[in-house]
Amino acid sequence: MRLFWGVFLAQVHVCELGRAPQRSSRVVSCRTNECATQRPTPASPVDMSPSRSMLLVGEGNFSFSASMSQSHADTDTGVTATCLQREDEALRHEGAAANVQIIEDSGGTVLFGVDCTKLGECASLQGRVFDRVLFNFPHRGRKSGVKKNRELLRNFFLSCVQVLAEDGEVHVSLCNGQGGTPADQPKREWHNSWQVAAMAAEAQLILSDIRPFDSEKYQSYKCTGYRSQDKGFHVAKALLHVFTHSLPYVSAGTLKVEELVEGEKVQFNMPAELSDYMFRGFLCSGSVHPVRLVQDFLLEGLTEKWPVSMMTETVPFLIKAKQLQTCCRDIDGSHFYSIHLLQRDTDIHISADKEKDPLTCSDSQGGTDTRGTLVSAKSVTSEKVRSKGAECLRSACDHDVDPEGENSPYMLRPSLLPHIEEILTKKEKLINNAGNDRETEANSKSVEGNKQEEPCGVSNGVSSLLFGISGLVFRSVPINLWALPVFHELLFRGVFPSDCEPIRSLGQGLETLLAPYGVSLITEEGGLCLMAQPMGLVGKAFACNADDNTSHVSITLSLNLDLLAVLLFSLPDWRLLWSHDQRFMQQFGPRPPPGTSFQPFSLFPEHFNFDISFWTGPTWEEQKFHAVVREASQGTVEQVKLIDTFSHPDLSQTSYCYRLIYNSHTHALSHTQALTFHKHLESLISSRLQVTIR
């Protein structure tokens, strides 16, 4: 039905807008919770909801409703036109009686005495839902200020969602400048606008489209009601704002995981702020998620110059802290997620036979949405038993990392490097004999290994395979615009002849692939960095000698698939990648090529700033504070700034003041909702971090 409705939209163009209401302060305050009066019609559809139905509110002379009724007279679209005034008052408007007759003759319905801010209380609308609710040029009447008109919009949105279909739309037309969005030209100052997107967010509606208001489309439409007079609004450059339902916020639940680590079965709770990132199936075979599309694009490009073998081994989320001492180059040890194991729970459900590859399937079980499984901690296991555990690792590149201590010997994997090291240890014979004329079997995937050592320039100077692996990795990083606590890493490892300058060759290949999308390569000692604006580092390649053999060099390439997806598809925010809204994935169903710009389904979401200040004891763990912020705000805080500190001269206490910026491209975020999150944050940090809110 929605596709057909889209065709219907194209036919009526952009003027499904509603009528300019005639309002006054007296009318707004009148008793409108009484039953609306309805003119008798031959076949009133009060007791049934048409398959496509439109509700127009705040009508004055009904000229727009009459035009709409005539346009759809030959369709099964039902038009219900309403106004706030009583019938005798409404019919005093010039042409109103004739327009009402046109509506009724076309099969529509006219209701009088309907307050658009109390639609749920109208007896004639009980049990009905509409595919479209239209409100043209809302106004409180007379010389009412912007605050009163904001209140009108807010109350209207809260009311209309009670009669709006699940996939319905709300159309609100406003004079140029009133909406307060960048589409208004010139744009008013924020405090002097009606803040239409923010008012709609109070009813969990998002601004999904803005179109020009084309009053010439309907010749009989006569705009009246300006300041409660028979004067028209200034419709030149007026805009139609289209709103749709937002998904509700879902609180994070406890996600219990059981897996094998070095042959030992362990259980742990995933940190609450990470639960919604788990088991989403973005990298599963057949997935059209942009992260998977970017991985396919990179593999296709790389395999044109180098033989690539993607591994399918199962690896655990957890890794022992001691194993990070010899790898994870350039990862700050303070950004590791330390995990404390649980006592074995015999009630936990294990289903090893249903496990899917955690790497190629992004650590998910076939892409199953696990939001429902987050509700109950005792009956849930998010990660099925691992068939393979991590073994002792040996790295070709030694790099000291200071783990978090012996009290928390387990970490969530910050990189896939330890795991590819462990897998390639089993392929050591293949790597060391890459130039021999014989076949060697790969443990992860059967590959042809009889690669003879070739001179530079043959096969782009490469004589060995690039082994690849991809999956989720975790970083306990401070909240910032481009700081991702979870992302999909695509990691490659290979051994190449030193004299063929593999880093330079690899850099040239990556530059060919990614430079058109704004990625630049910066050479540094022993490797190169892949940089892009505005996110910064999106990948890194580095080299070191392989097994003290100066004739060959070991190359490691790590790419952040999430940031590259943001870059290649022009996403406004990385958090969109994790949206549960179907409108996000619908754009990637046709598998668009990189460079295709994403069209946001939530336009111009508002930012809300809230400060929080508190007293702490002699020690303060800011990392835990950021984790609680992510959990309490359900991911809506995009930036946290420390703006002030003060140490009491007599007490062992320090005061911290942080500024939190709330914003969401995936959900409707109102000031009320942001404040609710903020109050919840105050409660959580008081109880968990033992601070005193100031």
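Residues numbered from 1 in each chain as written. Predicted model: local features only at pLDDT ≥ 70, side-chain atom pairs only at ≥ 80, totals over all residues. Heavy atoms only, no water.

Novice: So what exactly am I meant to see when it comes to the side chain of Gln195 here?
Specialist: For Gln195, the location among the structural elements is in the loop between β6 (164-174) and α7 (196-201). Accessibility expressed as a relative area gives 10% for Gln195, which makes it buried. Here the side chain of Gln195 touches Trp190 through a polar contact of 3.2 Å, landing on its backbone oxygen. Leaving out residues up to four positions away in the same chain, Gln195 has contacts with Arg150, Gln178, Gly179 and Trp190. (Helix = DSSP H or I, 4+ residues; strand = E, 2+ residues; numbered from the N terminus. Buried < 20%, exposed > 50% of the residue type's maximum accessible area, 1.4 Å probe, protein only. Polar contact = N/O pair within 3.5 Å; in protein donor to acceptor, adjacent residues only side chain to side chain. Contact = heavy atoms within 4.5 Å.)

Novice: Can you help me understand the confidence of the model for the protein chain in this one?
Specialist: Detailed conclusions should not be drawn from predicted coordinates in areas where pLDDT is low. With 74% of its residues at a pLDDT of at least 70, the protein chain reaches an overall mean of 79. Per-element mean pLDDT across the protein chain ranges from 28 in helix α2 (residues 25-28) up to 98 in helix α12 (residues 561-568). Within the model, the stretch residues 1-50 combines pLDDT values under 50 with 161 contacts to residues more than four positions away or in other chains. Across residues 348-360, confidence stays below pLDDT 50; counting only partners more than four residues off in sequence or on other chains, it has 48 contacts. (pLDDT = per-residue confidence, 0-100.)

Novice: Can you walk me through empty space enclosed by the protein in this structure?
Specialist: Empty space left among the atoms is revealed by rolling a probe the size of a water molecule over them. Under the criterion given, the structure shown has eight cavities of 30 Å³ or more. A volume near 630 Å³ is recorded for the largest cavity. Contributing to the lining of the largest cavity are 35 residues, with Asp276, Tyr277, Gln634, Gly635 and Thr636 lying nearest its centre. Classifying every residue of the lining of the largest cavity by side-chain character gives 14 nonpolar, 13 polar and eight charged. (1 Å grid on protein atoms, 1.4 Å probe; cavity = no way out; pocket = protein on both sides within 12 Å on 5 of 7 lines; lining within 4 Å. Points joined across faces, edges and corners; volume = space filled by probe spheres on them. Nonpolar A, V, L, I, M, F, W, Y, C, P; charged D, E, K, R; others polar.)

Novice: Explanation requested: the pairing of strand β22 (residues 637-647) in the structure shown.
Specialist: Remark: a regular strand shows side chains that alternate across the two faces of the sheet. Inspection of the sheet shows β22 paired to strand β23 (residues 654-662) by nine bridges, in the antiparallel sense. Directly across from Asp644, in β23, lies its bridge partner Cys657. Hairpin connection from β22 to β23: six residues lie between these consecutive antiparallel strands. (Pairing = 2+ DSSP bridges.)

Novice: I'm lost on the sheet that holds strand β13 (residues 338-339) in this one. Help?
Specialist: Across a sheet, strands are paired by hydrogen bonds formed along the backbone, either parallel or antiparallel in direction. Pairing is antiparallel across the open sheet formed by three strands, whose spatial order is β12-β14-β13. Single-partner strands in this sheet number two, and they are β12 (318-320) and β13. As judged from the two bridges shared by β13 and strand β14 (residues 410-412), these two strands associate in the antiparallel manner. Across the sheet, the residue bridging to Ile339 is Tyr410, located in β14.

Novice: What am I meant to see in the pattern of salt bridges here?
Specialist: Two side chains carrying opposite charge are able to pair once their charged atoms lie near each other. Evaluated as defined, the whole model comprises 21 salt bridges. A salt bridge links Arg52 to Asp76; its shortest N-O distance comes to 2.3 Å. With Arg52 in strand β2 (residues 52-57) and Asp76 in the loop between α3 (63-71) and β3 (77-82), the pair connects residues that are 24 residues apart, well separated along the chain. On the basis of relative accessibility, which here comes to 10%, the residue Arg52 falls in the buried class. Judged by relative accessible area, Asp76 falls into the partly exposed class, the value being 42%. Here the salt bridges do not stand alone but share partners, grouping Arg86, Asp88 and Glu89 into one network. (Salt bridge = Lys/Arg side-chain N within 4 Å of Asp/Glu carboxyl O.)

Novice: Would you explain the packing of helix α14 (residues 622-633) against helix α15 (residues 671-688) in this entry?
Specialist: Each pair of packed helices can be summarised by the angle the axes make with each other and by the distance between the axes. Interaxial distance between α14 and α15 falls to 9 Å at its minimum, and their mutual angle equals 140°. Taken together, the axes of α14 and α15 lie oblique to each other. Of the two possible hands of crossing, α14 and α15 adopt the one that is right-handed. Counted together, Phe625, Val628, Val629, Glu631, Ala632 and Ser633 of α14 and Phe677, His680, Leu681, Leu684, Ile685 and Arg688 of α15 form the full contact between these two elements. A per-class count over the contact of α14 with α15 returns eight nonpolar, two polar and two charged. (Axes fitted to C-alpha atoms, helices over the stretch in contact; angles between N-to-C directions. Parallel < 35°, antiparallel > 145°, perpendicular 65-115°, else oblique. Left-handed = near helix turned anticlockwise from the far one by under 90°.)

Novice: Quick question: what am I supposed to make of unusual backbone geometry here?
Specialist: What you tend to see is this: most non-glycine residues have negative phi, and most peptide bonds are trans. With an omega of 0°, the peptide bond between Gln185 and Pro186 qualifies as cis. In this structure, Pro186 sits in the loop between β6 and α7. A cis amide bond, omega 10°, links Gln533 with the succeeding residue Pro534. Turning to its location among the elements, Pro534 is positioned in the loop between β18 (527-532) and β19 (536-546). Non-glycine residue Gln204 carries a positive phi angle of around 60°. With respect to the helices and strands, the residue Gln204 is situated in the loop between α7 and β7 (205-212).

Novice: I keep staring at the packing of helix α8 (residues 290-302) against helix α11 (residues 502-514) and nothing clicks. Help me out?
Specialist: Two elements in contact, α8 and α11, have axes whose closest approach is 10 Å; the angle formed by their N-to-C orientations is 130°. The orientation of α8 with respect to α11, classified from their angle, is oblique. The hand of the α8/α11 crossing is right-handed. Contact with α8, carried on its side by Phe297, Leu298, Gly301 and Leu302, involves Leu506, Leu510, Leu513 and Leu514 of α11 and no other residues of that element. In terms of residue class, the contact of α8 with α11 is made up of seven nonpolar, one polar and no charged.

Novice: Would you mind going over the packing of aromatic side chains with me for this structure?
Specialist: Two measures describe an aromatic ring pair: the distance that separates the ring centres and the angle between the ring planes. Considering all chains together, one arrives at 25 aromatic pairs under this definition. Between Phe135 and Phe156 the ring centres are 4.9 Å apart and the planes differ by 70°, which places this aromatic pair in the edge-to-face class. Remark: Phe156 occurs in helix α6 (residues 146-160) and Phe135 occurs in strand β5 (residues 130-136); sequence separation between them is 21 residues. Of the two residues examined, Phe135 and Phe156, each falls in the buried class. With 6.3 Å between their ring centres and 15° between their planes, Tyr656 and Tyr658 make a pair best called stacked. For the pair Tyr656 and Tyr658, a shared accessibility class is recorded, and that class is buried. In this structure an aromatic cluster arises from ring pairing among Phe614, Trp620, Phe625, Tyr656 and Tyr658. (Phe/Tyr/Trp six-rings, centres within 6.5 Å; stacked < 30°, edge-to-face > 60°.)

Novice: What is the right way to read the sheet that holds strand β21 (residues 608-616) from this model?
Specialist: As summarised here, the arrangement of the four strands in space is β22-β23-β21-β24, forming an open sheet in which the pairing is antiparallel. The open sheet has two free edges, formed respectively by β22 and β24 (692-693), since each of these has just one partner strand. Inspection of the sheet shows β21 paired to β24 by two bridges, in the antiparallel sense. Within β24, the position partnered with Phe614 by the bridge is Ile693. Sitting on the sheet, α14 touches β21, β22 and β23, and the angle it makes with β22 is about 140°. Packed on one face of the sheet, α15 meets β21, β23 and β24 and runs near 15° to β21.

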